[in-house]
Structure formats: C-alpha cells, structure tokens
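Residues per chain are reported as follows:
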Amino acid sequence: MTRTNTPGLVRVLAADGTFAPTEAAEQFRPIIDALSDAQLEQFYREMVIVRGFDREATNLQRQGQLALWPPSFGQEAAQVGSAFAARSQDTLFPSYREHVVAKIRGVDVVDIIRLMRGLSHGGWDPTDPKNGNTRIYTLVLGSQTLHAAGFGMGLVFDGKCGTGNVNTDQAVIAYYGDGSSSQGDVHEAMVFAASYQAPTVFFMQNNQWAISVPVSRQSRTPLHERAAGYMPSFEVDGNDVLASYAVARFALDEARAGRGPQAIEAVTYRRGAHTTSDDPTKYRTKAEEEAWAERDPIARMHAFLEKRGATTAFFESVDEESRDFSADIRRRTLELPNPGPEAMFDHVYTDAHPLMVEQQQWLAEYEQSFEGGAA
C-alpha cells in the first residue's frame, strides 16, 4: 500500500457534506470505512467543543485575563483528525495553537490558559502519563520539528519502531504551519529524519497566511512538494476531518512500521487572527474569508452526519456540552492567580545570577516609586 506521493488532493467530504472521495482518497477508503458511528460523532463533538473553547479564550484575552491567545478557528478538522489517528504510545510535538490535539491526548486545557496568562513557562508536564505523550507548546517557529526529528531518531536507535508489533512500535508527529515551513529548522529536521529513517510525521497546517504574508509569496510551488524532496508527501483537505484522519493514520502507521518519515500538508484556513495581537483585516479580504467560511469543517461534518441520520437531539446535546465546557473554562480561569513580576527572573538561569538580581531589585524599587506602591 506504500506510495511515494498521492496523485492529488485527498478529500472525502465535499463542502456540502456529501460523501464524495477524490481519486487520491481511494487508497484510504479502508481506513475511513472502518470508522464507527460513535467515532464519527466524536470527531464532530471535539470540533464543536474546541471552537467554543477557542472563542471563550479569545474573549478572556480581550477582557485582560490572558496576555495572548492564538486562535484555532477554522483548523478544527485537521487537528481532530490527526490527533485521533495517533496511537497512545505515539509522541506529539505541537506548535502553539493545537488546543484540541492537547485536549484529546488528555491535557487539561486550563494548562494552556495558564501558559498564556503568564503563570507557567510550559503549561504541563509532558512526562506525566495523563498528558498522553504531548510535548509542551513551542512558540519559537519550527523548533519543535527538530525536537520531533531527534526524538524519532532516538526511537530508531532504541529499536522502538519497525519491529512489527503495532501495540508497542512508536511514531512521532510534529505540527507546524505554512509560515514555519519557510524556516531553516524545518528543512534541517526533514534532512535528519530522512537520513536516519526516523518515524516522524511532519503535519503542516497550511492556513494560507503566515501572519500577513500569503502562501503564494512564500512558495511558488505547492508546499507539500517541498517535503517530497525528503520523504513521501501527501496533500489533504484540512477542512475534511475524515480525510485528515485517514491520511494521518496511514502516515503514522507507515512511520511506526519502520518505513521512515512522512509529510502531510493539510490545506485549511485560519479564520481567526494569527494571535489576538494581530489584525487580519489589514491584509485579508472579506471576500476571501467568506469563500473559506463556505468550506467550514464543522458545518461540513454536521451536514454529513445529518445525511447519515444523526438526530437533532444529538446536535443539541453537543452544543450544550460545548457551552458547559466553555463556561467551566471561564470559571476556572477567573479563579487563577495573577502572575507576579518575579516570574520573569526565576528561570532565566539555573543558578542565581547577579544581573538578574540587580534587574529584579530595580523593578521592585521602580514599582514602589508609584504612589501606593505596586498594585
């Protein structure tokens, strides 16, 4: 079943939710056909819940509760599909907006809130089994791909892939965006992964815009063709959760079986801002955003499930669960303490450093100089 590259875009669901696999999707039909109704409904449920969470977190940032928030609005299908494609023994390296990936793997999303509030430099303990082998967020563009390549190389050296035991063989998936694909780190990671046949899947979410720079300026060829110079590469409709799941499942199985690294370009669209400090109206047109809204991943899956007989009661229960989840996140966020200024100095150096001591003392005296002292 191994192929060098797929002959075109892998899409299973049309924008209106019709089951209409493209030619490139046919090789993945066995994976899709094996999905149960419960799994299909879970895909939809997670997409709806994380969109509600994402909206709530954005509101919390606007209300001064978070320093920053990177929205995932519009990318739900790519993330949900790929996260469910991974096995429990696999290790995931997110960038900084894979909120639903972390949730599916067991991370308490309030830990993401804590990170964006400035209460933590990492958010969660990646070695804690409850966090599902999910590494912490990486805000330095592309560096997580090097970490994932190195981790995958370690799996090769330790004989933890390619043994034929699907219950113990491991793979790695690294998430990054179209902007990061232009980083040298990403290409160096692919060179190492290919050289050592590391079981690493490079999962790029092509959002069409790297902040204010369009994909057309970054690359004169489709982004998945960049990766094809290093390893098998696939192009998938990232707004189709079934396609995202099937291709990621196949790629991870290939990597886990010892057939080397794989690359996936999930063609999607970040309908929100790059972060809450960005204003996409300065560089994106309303017509473009409306065109992508018609391909919305949640609306697409909703229509598909309706055609399969999903009831109104099911959709209403999911909406209610999403509202409850978001309300709980708001409550727990408002209960968090405010970060103190000392946190800026605590982890710059392993041991006490005179420069940090001096700067911390200066800041304390500066705050005390205001009437009433520090707030």
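I will try to describe carefully the structure that is included in this document.

Scoring rules and cut-offs
Residues numbered from 1 in each chain as written. Predicted model: local features only at pLDDT ≥ 70, side-chain atom pairs only at ≥ 80, totals over all residues. Heavy atoms only, no water. Helix = DSSP H or I, 4+ residues; strand = E, 2+ residues; numbered from the N terminus. Rg over C-alpha atoms; globule rule 2.2 N^0.38 Å. Buried < 20%, exposed > 50% of the residue type's maximum accessible area, 1.4 Å probe, protein only. Contact = heavy atoms within 4.5 Å. Areas by Shrake-Rupley, 256 points an atom, 1.4 Å probe, with all protein chains shown as cover. Lys, Arg positive; Asp, Glu negative; His and termini not counted. Charge placed at Lys NZ, Arg CZ, Asp CG, Glu CD. Phe/Tyr/Trp six-rings, centres within 6.5 Å; stacked < 30°, edge-to-face > 60°. Patch = residues over 30% accessible without salt bridge, like charges linked within 9 Å, V, L, I, M, F, W, Y side chains within 5 Å. Salt bridge = Lys/Arg side-chain N within 4 Å of Asp/Glu carboxyl O.

### Description of the overall build of the protein chain
The helix and strand inventory of the protein chain stands at 15 helices and 7 strands. Here the C-alpha radius of gyration of the protein chain, 21 Å, is about what a compact globule of 375 residues would show, namely 21 Å. Expressed along its principal axes, the backbone C-alpha trace of the protein chain runs to roughly 70 × 50 × 40 Å. In the protein chain, buried positions account for 51% of the 375 residues. Taking all contacts inside the protein chain whose residues are at least 6 apart in sequence as the whole, residues at least 24 apart take part in 75%. Carbon together with sulfur atoms contributes 51% to the accessible area of the protein chain, which is approximately 16,700 Å² in total. Treating the 35 positive side-chain charges of the protein chain as one cloud and the 50 negative ones as another, the clouds have centres 4 Å apart.

### Remarks on the packing of aromatic side chains
Think of a pair of aromatic rings as described by two things: how far the centres are apart, and how the planes are tilted against each other in angle. Following the criterion strictly, the structure yields 19 aromatic pairs and no others. Taking 5.4 Å as the distance between ring centres and 80° as the angle between the ring planes, the aromatic pair formed by Trp124 and Tyr137 counts as edge-to-face. Of this pair, Trp124 sits in the loop between helix H5 (110-117) and helix H6 (143-157) while Tyr137 sits in the loop between H5 and H6; the two residues are 13 residues apart in sequence, bridging distant segments of the chain. Per residue, the accessibility class of Trp124 equals that of Tyr137, and both read buried. Residues Tyr175 and Phe203 carry aromatic rings whose centres are separated by 5.4 Å and whose planes lie at 65° to one another, so their mutual orientation is edge-to-face. Separated by 28 residues along the polypeptide, Tyr175 in strand E2 (residues 172-177) and Phe203 in strand E3 (residues 200-206) bring together distant segments of the chain.

### Some thoughts on the environment of Leu252
By secondary structure assignment, the location of Leu252 is in helix H10 (residues 241-256). Considering only alpha carbons, one finds Leu252 and Ala293, 41 residues apart in sequence, at a separation of 30 Å. With near-sequence residues (within four places) excluded, Leu252 lies in contact with Ala85, Ala86, Asp90, Ala171, Val172, Ile173 and Val201.

### Here we look at a nonpolar patch on the surface
Taken together, the side chains of Val156, Phe157, Phe192 and Tyr196 present a nonpolar region at the surface, about 390 Å² in accessible area. Relative to the elements of secondary structure, Tyr196 occurs in the loop between helix H7 (184-195) and E3. Taking relative accessible area as the criterion, Tyr196 reaches 39% and is therefore assigned partly exposed.

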